[in-house]
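What follows is the residue order along each chain.
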Amino acid sequence: MKKIQKMNKSRPNISSQKKKPKFNFAAFILFAFVATVLVTSGWQLYQLQHQVNGKIAQIEGEKQELLKEKSGLESEIVRLNTPSYVEQLAREQLGLVRKGEIMISPKEQ
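Reference entry: report on the structure contained in this document. Since this is a predicted model, take the numbers as computed values, not measurements. (Residues numbered from 1 in each chain as written. Predicted model: local features only at pLDDT ≥ 70, side-chain atom pairs only at ≥ 80, totals over all residues. Heavy atoms only, no water.)

1. Observations regarding the overall build of the chain
And step 1. Per the secondary structure count, the chain includes four helices and zero strands.
And step 2. Secondary structure elements in the chain, listed N-terminal to C-terminal, are α-α-α-α.
And step 3. Within the chain, the fraction of its 109 residues that count as buried is 2%.
And step 4. Accessible surface, the chain as shown: approximately 11,200 Å² in total, 62% of it carbon and sulfur. (Helix = DSSP H or I, 4+ residues; strand = E, 2+ residues; numbered from the N terminus. Buried < 20%, exposed > 50% of the residue type's maximum accessible area, 1.4 Å probe, protein only. Areas by Shrake-Rupley, 256 points an atom, 1.4 Å probe, with all protein chains shown as cover.)

Structure follows, in structure tokens:
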């Protein structure tokens, strides 16, 4: 009989160890709310990043066009500063002639 009593004392009560977990409705609602906020925020960040990347690509395209226009304008500046081109413009647009030259213009009808 002593053996049985010792066994009972050494073994803890099994029913007191296994407690059934209770469903905490408030914790579930809080978790669902936090998850919804995180998912919504993540989606908004994704959309914003997509818009920003599109805008960056558009601005990069505009930048390339402006760089081409800049290089064209720089080459035109170099060409405009040459003496032969200045003389050509003076003859065509202003009707100037060199010393000793006579200007002949077609008869207007």
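2. A closer look at helix 3 (residues 25-80)
And step 1. Here helix 3 spans 81 Å end to end across 56 residues, near enough to the 82 Å set by a 1.5 Å rise per residue.
And step 2. At the N-terminal boundary of helix 3, the capping side chain belongs to Asn-24, with an oxygen 3.4 Å from the backbone nitrogen of Ala-26. (Expected span 1.5 Å × (residues − 1). Polar contact = N/O pair within 3.5 Å; in protein donor to acceptor, adjacent residues only side chain to side chain.)

3. Things to note about a nonpolar patch on the surface
And step 1. A contiguous nonpolar patch, built from Leu-30, Phe-33, Val-34, Val-37 and Leu-38 and spanning about 500 Å² of accessible area, is present on the exposed surface.
And step 2. In this fold, Val-34 is placed in helix 3. (Patch = residues over 30% accessible without salt bridge, like charges linked within 9 Å, V, L, I, M, F, W, Y side chains within 5 Å. Salt bridge = Lys/Arg side-chain N within 4 Å of Asp/Glu carboxyl O.)

4. Considering the packing of aromatic side chains
And step 1. Under the defined criterion, the tally for this structure stands at one aromatic pair.
And step 2. Across from the ring centre of Tyr-85, 4.5 Å away, lies the NZ or CZ of Arg-79, which sits over that ring. (Phe/Tyr/Trp six-rings, centres within 6.5 Å; stacked < 30°, edge-to-face > 60°. Lys NZ or Arg CZ within 6 Å of the ring centre and 35° of its normal.)

5. Things to note about the environment of Arg-79
And step 1. Tracing the backbone through its elements, the reader meets Arg-79 in helix 3.
And step 2. Of the residues examined, Arg-79 reaches a relative accessible area of 40% and is grouped as partly exposed.
And step 3. Within the local environment of Arg-79, its side chain forms a polar contact with the side chain of Tyr-85, the two groups lying 3.5 Å apart.

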